[in-house]
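# Fold and contact review
What follows is each chain in one-letter form.
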Number of protein chains: 2
Amino acid sequence: MHSTDNWQDMAQTMMISVDAMGGDHGPPVVIAGCEQLLLRRPDVRFLLFGDETAIGAVLAAHPKLAAASEVRHCTVAIAMDDKPSQALRAGRGKSSMWRAVDAVKIGDAQVAVSAGNTGALMAMSKFCLRTLPSIERPAIAAIWPTLRGESIVLDVGATIGADAQQLVDFAVMGGAMARALFHIERPSIGLLNIGAEEVKGLDEVRTAGAMLRDANLTTIAYGGFVEGDDIGQGKVDVVVTEGFVGNIALKTAEGTARQVGSYLRAAMSRTLMAKIGYFFARDAFNRLRAKMDPRKLNGGVFLGLNGIVIKSHGGTDAEGFASALDLAYQMARNDLQSKIRSDLEDYHRGKFGGLGAEPERMS
Amino acid sequence: MHSTDNWQDMAQTMMISVDAMGGDHGPPVVIAGCEQLLLRRPDVRFLLFGDETAIGAVLAAHPKLAAASEVRHCTVAIAMDDKPSQALRAGRGKSSMWRAVDAVKIGDAQVAVSAGNTGALMAMSKFCLRTLPSIERPAIAAIWPTLRGESIVLDVGATIGADAQQLVDFAVMGGAMARALFHIERPSIGLLNIGAEEVKGLDEVRTAGAMLRDANLTTIAYGGFVEGDDIGQGKVDVVVTEGFVGNIALKTAEGTARQVGSYLRAAMSRTLMAKIGYFFARDAFNRLRAKMDPRKLNGGVFLGLNGIVIKSHGGTDAEGFASALDLAYQMARNDLQSKIRSDLEDYHRGKFGGLGAEPERMS
């Protein structure tokens, strides 16, 4: 069953490198998640990095997954509370996290996934993969459930602060991701701001808006400013903001959804009539719960590096980890990385070479 | 019934100045809101600023309210889409909005309420009332529903950006408001940040945190950093942030609550069983709806000026406007303004004079 023996099959399989030691629960959850993805995507193969004894013990119970995986032993595991600098010092070259990312660099895998700590994973990804030529800072893109389906929001916390050019880069990369994930030809992009009028809001955001309008890109449709309440309405396919605001918006939305869920649970268990109502409507409540299940949209995508890395929530379970793996699978299968490269090239060609554009104008 | 004829009564009544022309609906909604508050708070009296014909026509149907109100004719009304500079030029000295604020300045009213446009109201309030001696920039404080009750979040959009000292000022003023509104002796304060560790996040926020810890104030209990999802959990009584982030967090939370409400409505009307369930549990759903009713917590409080001004949502109805009036009533009744003054004085005395503090240390 070693399909990797055959070149034809190898070209068609999708190799995901996995930091098996990452997350709050390590190998048991990570490996159970891999097994779930294998059932869903039979063409997936795994490179599992971590302690071979710990991984082997779990894999022994999953023979099908074992046949689709290769274990690469690592002596170091990055702890969830290691500082990025600490993690780099102790784990560079030898930790399961580093080697999972490095597998993408050396071409052994198409995409890497870790549930390890975000700061360490970003530091290692930057150090190992380096940023794309025109990109100064990577971003983390999250998938946000909306009334119209899903949108992409970036940056949700890779870095604090972004100048106008960086916001424009985020827009281009977010557009590429929307095309890869949602299969939309020209995704709509909004800049997160306060007040929808042109005169309002943050200087960097206003300048980025003018740049995006002037660039008139064929890959994305710039739709102006959006406000906090437009995100969940799905007003645009991609919402662009800098990492501090993006992270706070994301966590505020998650917190509010949980809060309303708590109110609902309390209301439904307070009276006998409510309990009877809950009994009749339990399928509807289950559907609602499934819709709001944070495990379904687990996974932050690191954009702007020479390779795709996906960060899973550290505390998630096997189902949640499988969602992050599936996101990785889709991103690699739909060639996110080459879309980003070519979109960035298009943008920079237009900026410096096309149609009498004046690059100085916006500075 | 003119209780203002009697000095004793006058000392006990609460005079609220109202911009009767503000909001999407003007006098009909504003005046109906005043009537609702009068029923709830019989000791309230109103100064109604605006077109006396329009106001008179509505008041004619509300004789009790008419007896508790004085109408002051204004020839200018600020439009909802006037720019702040435009509003100031056209409305200074004579618009209903300006004169409602001015009534607080000249002592005719204890607090002013307008549903007019935020930018214009803030510009006029700053121009007319001026900021408190130690305050450079005012803030808008919102009341945020939480799992533990309510919290105060500021700034939700008065200005973009805030340095560490301004964040500390917001903390002191928010603490005073929490004492006035929630009757807590020493409210807990958190600084909104990303990542709860001391080493993470925005520089200004980290510096403000150190300043608040060192100040060791008796009026507030500094509780460290909070993240977006901590707000709705009610982790602290007061959440402090700068206006851009605060505005986006507030609108994101409002949008998410509406979004979950839409999911719930859709789920409850999809199948017959769900509809039966809804029928039995309708009291529970009504309670939930009431709990999430944005009209209940309508009103942004302008802090840091020589007088209290409350901004109501422009699109609200009479019930919502009555909530903003009630908030104004409580703020004035519980002497928010003197609490802010004395708390700021305490803070500055401690900073420059107390216990060998070194004001240079934090700079």
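My aim in this report is to walk through the structure given alongside it, one point at a time. No experiment lies behind these values; they were computed from the predicted model shown.

### Remarks on the pairing of strand E5 (residues 139-146) of chain B
Residues and elements named next belong to chain B. With seven of eight residues buried, E5 is to be regarded as a mostly interior element. Across six bridges, the pairing between E5 and strand E6 (residues 149-154) is antiparallel. Counted as the bridge partner of Ala141 is Leu154 from E6.

### Side note on the sheet that holds strand E3 (residues 69-73) of chain A
All names here are of chain A. With mixed pairing, eleven strands are arranged side by side in an open sheet as E3-E2-E1-E4-E11-E10-E5-E6-E9-E7-E8. With one partner strand each, in any of the chains shown, E3 and strand E8 (221-226) form the two edges of the open sheet. Pairs of neighbouring strands in the sheet enclose a mean axial angle of 25°, with direction left out of account. Here three bridges tie strand E6 (residues 149-154) to strand E9 (residues 238-240), and the two strands are oriented parallel to one another.

### Quick word on the packing of helix H8 (residues 164-182) of chain A against helix H14 (residues 318-333) of chain A
Residues and elements named next belong to chain A. It is at 9 Å that the axes of H8 and H14 come closest, and there the two elements cross at 100°. With respect to their mutual orientation, H8 and H14 come out roughly perpendicular. Within the contact between the two elements, H8 uses Met177, Ala180 and Leu181 and H14 uses Leu327, Gln330 and Met331.

### Section: the relation of the copies chain A and chain B
Note that the two copies of the chain are related through a rotation about an axis and a translation along the same axis. Once chain A has been moved 0.0 Å along the axis and rotated by 180°, it coincides with chain B to within an RMSD of 0.0 Å. Look at the turn and shift together and you get a two-fold axis relating the two. Minimal C-alpha separation from the rotation axis in chain A is found for Gly277 of chain A, amounting to 1.9 Å. Of all interface residues in chain A, 100% are interface residues in chain B too; the two copies therefore contact each other through one and the same surface.

### With respect to the packing of helix H6 (residues 96-105) of chain A against helix H7 (residues 118-129) of chain A
Residue and element names in this part refer to chain A. Closest axis-to-axis distance for the H6/H7 pair is 9 Å, and the angle between their directions is 35°. Seen from above, H6 lies across H7 with right-handed handedness. Listed contacts from H7 to Met97, Trp98, Val101, Asp102, Val104 and Lys105 of H6 are Ala120, Leu121, Met124, Ser125, Phe127, Cys128 and Leu129. In terms of residue class, the contact of H6 with H7 is made up of ten nonpolar, one polar and two charged.

What counts and how
Residues numbered from 1 in each chain as written. Chains lettered and ligands numbered in written order. Predicted model: local features only at pLDDT ≥ 70, side-chain atom pairs only at ≥ 80, totals over all residues. Heavy atoms only, no water. Buried < 20%, exposed > 50% of the residue type's maximum accessible area, 1.4 Å probe, protein only. Helix = DSSP H or I, 4+ residues; strand = E, 2+ residues; numbered from the N terminus. Pairing = 2+ DSSP bridges. Axes fitted to C-alpha atoms, helices over the stretch in contact; angles between N-to-C directions. Parallel < 35°, antiparallel > 145°, perpendicular 65-115°, else oblique. Contact = heavy atoms within 4.5 Å. Least-squares fit on C-alpha atoms with pLDDT ≥ 70 in both. Left-handed = near helix turned anticlockwise from the far one by under 90°. Nonpolar A, V, L, I, M, F, W, Y, C, P; charged D, E, K, R; others polar.

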